[in-house]
Amino acid sequence: MRIVFMGPPGAGKGTQAALLSKELGIPHISTGDIFRANVSEGTPLGKEAQAFMDAGEYVPDGVTNSMVRDRLTHDDARPGFILDGYPRTVEQVAELDAMLRSAGTALDRVIELTVDVDVVVGRLVKRSADQGRSDDTEDVLRRRLEVYAEQTAPLIEVYLDRELLIQVDGLGDIAAVTAAILIAVSV
Ligand code: AMP
């Protein structure tokens with residue numbers, strides 16, 4: 001299965017995508033995780049991405065698209081994948097379409113985890129304390145939520161029109177949300 005996870009920062013995409021990845025035996029590909037790994041290793045890609053991430057802005061599409069294009073050609077992604085945090089812009093949607101078209105494949109499902117913004121803020125402030133992420137301070141967090149609303153929320157309409165989108169309430173306990181996602185990907 002080829003699955004995309006959407007939802008604002010703090011919706012639980014990473015947690016749920018990791019669980020689903022185990023359940024389905026397909027890789028969990030998180031663009032945020034790949035960027036963070038590059039930042040901590042000090043690679044050229046990490047150096048390019050860091051300032052954008054620290055400001056709560058998106059890394060430019062060109063950089064992000066080529067990173068994903070490369071990752072999707074790895075053997076483990078051939079039977080399927082869960083993309084977490086990509087696509088996030090209209091241009092990334094078009095790029096992903098082109099990547100899949102040239103591989104002769106297509107998306108099967110887009111899962112949107114829906115959450116209340118106040119709950120999200122609480123979750124992220126806690127995560128910031130637990131993980132020491134530099135992009136979860138309150139100002140940056142507010143900017144990340146704004147950028148999501150401006151640039152990523154419009155994608156919901158795109159995938160609804162394609163009849164790929166299933167919305168799952170992300171606010172239940174972790175196991176209940178996973179169960180709802182498993183139903184969503186099996187229908
Ligand atoms: P995440 O862990 O998915 O919240 O991503 C953390 C940060 O990485 C984001 O705030 C962006 O700066 C960057 N990032 C991750 N995915 C993308 C993407 N698809 N497009 C642009 N920037 C991204």
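Details of the structure are given in the entry above.
Trainee: How would you explain the site of the ligand if you had to name every residue and give the values?
Mentor: As a matter of local geometry, the ligand sits amid 16 residues, with T31, E57, G85, R88 and R144 nearest to it. Between a nitrogen atom of the ligand and a main-chain N or O atom of V59, the distance comes to 3.0 Å. With the chains in place, 96% of the 480 Å² that the ligand exposes on its own is no longer accessible. Element by element, the count of residues in the shell around the ligand is highest for helix α2 (residues 31-41), at four residues.

Trainee: A description of the packing of helix α4 (residues 61-72) against helix α5 (residues 90-102) should follow, citing residues and the corresponding values.
Mentor: Look at α4 against α5: their axes get within 10 Å of each other, and the N-to-C directions meet at 25 degrees. Between α4 and α5, the angle falls in the class roughly parallel. Read as a crossing pair, α4 and α5 show a hand that is right-handed. Residue-level inspection shows D61, T64, N65, V68, R69 and L72 of α4 in contact with α5, the latter providing E91, Q92, E95, L96 and M99.

Cut-offs applied
Residues numbered from 1 in each chain as written. Predicted model: local features only at pLDDT ≥ 70, side-chain atom pairs only at ≥ 80, totals over all residues. Heavy atoms only, no water. Near = heavy atom within 4 Å. Polar contact = N/O pair within 3.5 Å; in protein donor to acceptor, adjacent residues only side chain to side chain. Areas by Shrake-Rupley, 256 points an atom, 1.4 Å probe, with all protein chains shown as cover. Helix = DSSP H or I, 4+ residues; strand = E, 2+ residues; numbered from the N terminus. Axes fitted to C-alpha atoms, helices over the stretch in contact; angles between N-to-C directions. Parallel < 35°, antiparallel > 145°, perpendicular 65-115°, else oblique. Left-handed = near helix turned anticlockwise from the far one by under 90°. Contact = heavy atoms within 4.5 Å.

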